Amino acid sequence: LLVTSFVFSLFSDVAPFIEFLKSIQDGTIVLMGTYDDGATKLNEEARKLISELGSTSITNLGFRDNWVFCGGKGIKTKSPFEQ
């Protein structure tokens, strides 16, 4: 069951993306992907919230890196589904 989907442009304001990350309920599976440039405006708060979903690569995501990730809110380990 798909609960919701969003597309965020991180070329300008990252605040709506951070608010979305904060609103994710425990037990929710999250799928994310970037293309072109998802890292330039991604601040430490956003990276920390994504890391809490199980990401290990988000801290190293750089300019024009492509990235896909499957994690979850409340995950106890790091996600094996990341590239």
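Everything below is about the structure printed above this text.
Residues numbered from 1 in each chain as written. Predicted model: local features only at pLDDT ≥ 70, side-chain atom pairs only at ≥ 80, totals over all residues. Heavy atoms only, no water.

A. View of the sheet that holds strand β2 (residues 67–72). Taken together, 3 strands build an open sheet; the order of strands is β1-β2-β3 and the sheet is antiparallel. Looking at which strands have only one partner, the edges of the open sheet turn out to be β1 (29–34) and β3 (81–82). Note: β1 against β2, 6 bridges, orientation antiparallel. Within the sheet, the bridge partner assigned to Gly 33 lies in β2 and is Val 68. (Pairing = 2+ DSSP bridges. Helix = DSSP H or I, 4+ residues; strand = E, 2+ residues; numbered from the N terminus.)

B. Spotlight on helix α2 (residues 44–51). Within α2 the residues assigned to the buried category are Ala 46, Arg 47, Leu 49 and Ile 50. Viewed along the axis of α2, the buried residues span an arc of 160 degrees, placing them on a single side of the element. Counted as exposed and oriented over 90 degrees from the buried face of α2: Glu 44 and Lys 48. Where the residues of α2 are buried, they touch α1 (15–23), β1 and β2. Of the residues that open α2, the one with a side-chain oxygen 3.2 Å from the backbone nitrogen of Glu 45 is Asn 43. (Buried < 20%, exposed > 50% of the residue type's maximum accessible area, 1.4 Å probe, protein only. Arc of directions from axis to C-beta. Contact = heavy atoms within 4.5 Å. Polar contact = N/O pair within 3.5 Å; in protein donor to acceptor, adjacent residues only side chain to side chain.)

Remember, this is a structural readout, not a statement about activity or role.
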